[in-house]
Amino acid sequence: MCEKCKDTFYITTPIYYPSDKLHIGHAYCTVATDAIARYHRLKGEDVMFLTGTDEHGQKIEEKAKAAGVTPQEFVDNIVTGPKGILDLWKLMNISNDRFIRTTDDYHVAAVQRIFKKMYDSGDIYKGTYKGKYCTPCESFWTESQLKDGCCPDCGRPVVDAEEEAYFFRLSKYASRIRDLLVNTDFLQPKSRVNEMVKNFIDPGLEDLCVSRTSFTWGIPVTFDPKHVVYVWLDALTNYITALGYENDRYHDYKKYWPGINIVGKEIVRFHSIIWPAMLMSLGEPLPKHVYGHGWLVIDGGKMSKSKGNVVDPYVLAEMFGVDALRFFLLRTFPFGSDGNFSNELLINTINIDLANDLGNLVSRTTAMVEKYFGGTLPAEKQAGEFDDDLIAMLSGLRGRYMDQMEKFQLQNGLDEVFKCIQRANKYIDETMPWALAKDEAKKPRLAAVLYNLLESVRICTTLLLPFMPESCAKIFAQIGAGADVTTWDAAGKWGVLPQTVTVHKGEAIFPRIDAQAALAQLDALHEAQKKAALPAVELEPYAEETVDFDTFCKSDFRAVKVKACEAVKKSDKLLKFTLDDGTGTDRQILSGIHKFYEPEALVGKTLVAIVNLPPRKMMGLESCGMLLSAVHTEHGEEKLNLIMVDDKIPAGAKLC
């Protein structure tokens, strides 16, 4: 098919927030989107697949300060540094066509034009914001939206915020958004619609804050530069700026837009309400669909760095293989629902589906072709009992698979394939090739049986390409299937493999895993990671190297007594300590622990500080050292305790 005649298909992941390394939950979303993109390429469509990073905001600015680097250096480390986001997507064999960073110059310029366009139309206006703000989520909330006084998304405390800001007239589009959600299939799965309407539309949509003045790490508003564009207008527009909207970097906006946005359920609100309202304001087409998938959870709780329950995809990919990990994520969990992750489930899925069913089918079939026919099937074949049932099932597989894939039901598409793989394994038991091989007169029948098995493997493996591309290529090589018989068209036909095909039996594609040994290894790795964990969560991306004993001894730990303690103005987190460190001169240290302590409760306490760190500025104040604390998770909530010692210990006493 000529390139101009192809149907186009545009799909995106959310752009990920690089405040820390990504975990298996992020990989789940991206692998799923990758499988959908690969499926549409397999069908012969012209696919554009976008992913990227959302790099602005107060949280990044604060983490960069804590790490002693600029915000750009901070995000560069997580996005492009060793084992960063780009490395993770390369490891997971993600086939994205473009990668956008909201710090890219073309996106910055486009956002500024979009902001001005909406301002000129009257849909953005200046006002004053008063409300509840969650820094980790970069979200404002009304009092009624809070859950137990905390952010309804992440459960963390919120703070009162008041500042001059620009607002988007979101309320203007409430009725149109309600109609979009209720009367179309725009938001999927449909189960998400009631939550959006009940919790956000029916109570009354409020206008949306789209600029901030309390931090500077963002895109400046061109006509009012003390304001930076607030995260959601900056982030959501990436889906069109990456195609060239309001910029000259790319020129295929009209070719690919509108597309499909795949997002986690926690950001469905922004994508199904705010995002279409912005496009309505701009007069641009709405996405074809927003699909909100579920979370991977551990013991019923969402994976979160602050909860200390994240799973490292690098570890799992190294132990079990990238394709096995990709397969597990998409085979095991219904894409629209939450899935309870466990290492035991991962190992069982690999052993049962990949090693026992698919791997065993490929291994047994190629081994029998080599054993009974020297690796090449003869032309003469004889049909027999059980053939018609197998052929009918495999001939209809592509249609059943497509029905599920078009609805984003990836796990059901895989289920259709594995029903056929299981049927082919049963066919071996029914036809008993080893018995046929004992009678020379039955060799034509034996050849037909083995050909039918190879054809079954060919069709199933072609439809597994979006999920396990590298492993499928290995299977094709073993069964002698060239590129001309592994296409979408060929997957819908029976008898495409050459009648005299030659196989090339190789090593097992999916070796069986020793579950007990693997789980013991994972437990040991987990314990080692816990022991190596540093109390300062914010510094984790920059503190991965071990230190020797001599280096450790260079740290000067001293007992310090708190003479005074007060909150730092314009900061929700920082406390300013005036300390007696035994030198006769007061020492000032700033610590981001206001969430856990009120300043007056700490006066007179004896704490422990590292006093030979270089000074650094925080909120314009100099901090000379660091107070030691212990961090842990309790009932899913982060807890912090300052290290306090006996008041009998004099100020300045060295700890060793």
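Enquirer: Help me out: how do you make sense of the environment of alanine 424 in this one?
Expert: Inspection of the secondary structure puts alanine 424 in helix H17 (residues 410-431). With a relative accessible area of 0%, alanine 424 lands in the buried category. Look past the residues within four positions of alanine 424 in its chain and what remains in contact with it is Leu361, Leu390, Leu453 and Ser456.

Enquirer: Is there a simple way to explain the sheet that holds strand S4 (residues 124-134) in this structure?
Expert: The strands that make up a sheet pair up through hydrogen bonds in the backbone, lying either parallel or antiparallel. Here we have four strands laid out as an open sheet, ordered S5-S4-S6-S8, and antiparallel in their pairing. Every interior strand has two partners, whereas the edge strands, strand S5 (139-141) and strand S8 (208-209), have only one. Two elements, strand S6 (residues 159-168) and S8, share two bridges in a ladder whose sense is antiparallel. Across the sheet, phenylalanine 167 pairs through a bridge with cysteine 209, a residue of S8.

Enquirer: What am I meant to see in the environment of valine 221 here?
Expert: Relative to the helices and strands, valine 221 resides in the loop between strand S9 (211-212) and strand S10 (228-229). For valine 221, a relative accessible area of 2% puts it in the buried group. Distance from valine 221 to arginine 113, taken between C-alpha atoms, is 9.3 Å for residues 108 residues apart in sequence. In this view, valine 221 contacts Phe115, His227, Val228 and Val229; residues no more than four positions away in its chain are not counted.

Enquirer: Could you clarify how one ought to interpret the side chain of threonine 431 in this entry?
Expert: Structurally, threonine 431 can be placed in helix H17. Within the structure, the side chain of threonine 431 is placed 2.8 Å from the backbone oxygen of tyrosine 427, a separation counted as a polar contact. The contacts of threonine 431, once residues within four sequence positions are left out, are Glu385, Phe386, Leu436, Arg445 and Val449.

Enquirer: How should I be thinking about the sheet that holds strand S11 (residues 260-264) in this particular structure?
Expert: What the six strands build is an open sheet, ordered S3-S2-S1-S11-S12-S7; its pairing is parallel. Edge strands, defined here as strands with exactly one partner in the open sheet, are strand S3 (98-101) and strand S7 (187-188). Both S11 and strand S12 (residues 289-293) contribute to a ladder of five bridges, which runs parallel. Of the residues in S12, the one forming a bridge with asparagine 261 is valine 290.

Enquirer: Mind showing me how you'd approach the pattern of salt bridges here?
Expert: Side chains that differ in sign of charge can pair as their charged atoms come close. Inspection of every chain in the model, using the stated rule, returns 39 salt bridges. For lysine 573, the salt bridge identified is with glutamate 62, shortest N-O distance 4.0 Å. Taken together, the residues lysine 573 in the loop between strand S16 (557-567) and strand S17 (575-580) and glutamate 62 in helix H2 (residues 58-67) connect sequence positions 511 residues apart. Judged by its relative accessible area of 28%, glutamate 62 falls in the partly exposed class. Note that lysine 576 is salt-bridged to glutamate 566, the shortest N-O span being 3.8 Å. Residue lysine 576 is found in strand S17, and its partner glutamate 566 is found in strand S16; the two are separated by 10 residues along the sequence. The structure contains a network of salt bridges with shared partners spanning Arg331, Asp353, Arg400, Asp415, Glu416 and Lys419.

Enquirer: Explain the packing of H2 against helix H3 (residues 71-80) here, please?
Expert: The packing of two helices is summarised by the inter-axis angle and the distance between the axes. Between H2 and H3, the least distance of the axes is 8 Å, while the angle of their chain directions is 95 degrees. Here H3 runs roughly perpendicular to H2, going by the angle between their axes. Between H2 and H3, the contacting residues are Ile60, Glu61, Lys63, Ala64 and Ala67 on the first element and Pro71, Phe74 and Val75 on the second.

Enquirer: Is there a simple way to explain the packing of aromatic side chains in this structure?
Expert: Both the distance between ring centres and the angle between the ring planes are used here to describe each pair of aromatic rings. With the rule as written, the count across this model stands at 25 aromatic pairs. Judged by centre distance (6.1 Å) and plane angle (25 degrees), the ring pair of tyrosine 129 and phenylalanine 167 falls under stacked. Here tyrosine 129, found in strand S4, pairs with phenylalanine 167, found in strand S6; they are 38 residues apart in sequence, far enough to count as distant. Look at phenylalanine 167 and you get buried, because its relative accessible area is 8%. Ring pairing ties together the aromatic residues Tyr28, Tyr291, Phe328, Phe333, Phe335, Phe341 and Phe408, which thus form one cluster. Sitting over the face of the ring of tyrosine 250, arginine 98 holds its NZ or CZ atom 3.8 Å from the ring centroid. Over the ring of tryptophan 295 we find lysine 265; its NZ or CZ atom is 4.4 Å from the centre of that ring.

Enquirer: Honestly, unusual backbone geometry in this entry has me stumped. Any pointers?
Expert: Note: most peptide bonds trans; most residues except glycine with negative phi. Here the amide bond leading from glutamine 188 into proline 189 is cis, since omega sits at -10 degrees, within 30 degrees of zero. Along the chain, the position of proline 189 falls in the loop between S7 and helix H7 (191-201). Positive phi, normally seen in glycine, also occurs at lysine 83, with a value near 55 degrees. You can see lysine 83 is positioned in the loop between H3 and helix H4 (85-91). One non-glycine residue, aspartate 148, adopts positive backbone phi at about 55 degrees. Relative to the assigned elements, aspartate 148 resides in the loop between S5 and S6. A residue is classified by how much of its surface remains accessible, and aspartate 148, at 82% relative accessible area, is exposed.

Parameters at a glance
Residues numbered from 1 in each chain as written. Predicted model: local features only at pLDDT ≥ 70, side-chain atom pairs only at ≥ 80, totals over all residues. Heavy atoms only, no water. Helix = DSSP H or I, 4+ residues; strand = E, 2+ residues; numbered from the N terminus. Buried < 20%, exposed > 50% of the residue type's maximum accessible area, 1.4 Å probe, protein only. Contact = heavy atoms within 4.5 Å. Pairing = 2+ DSSP bridges. Polar contact = N/O pair within 3.5 Å; in protein donor to acceptor, adjacent residues only side chain to side chain. Salt bridge = Lys/Arg side-chain N within 4 Å of Asp/Glu carboxyl O. Axes fitted to C-alpha atoms, helices over the stretch in contact; angles between N-to-C directions. Parallel < 35°, antiparallel > 145°, perpendicular 65-115°, else oblique. Phe/Tyr/Trp six-rings, centres within 6.5 Å; stacked < 30°, edge-to-face > 60°. Lys NZ or Arg CZ within 6 Å of the ring centre and 35° of its normal.

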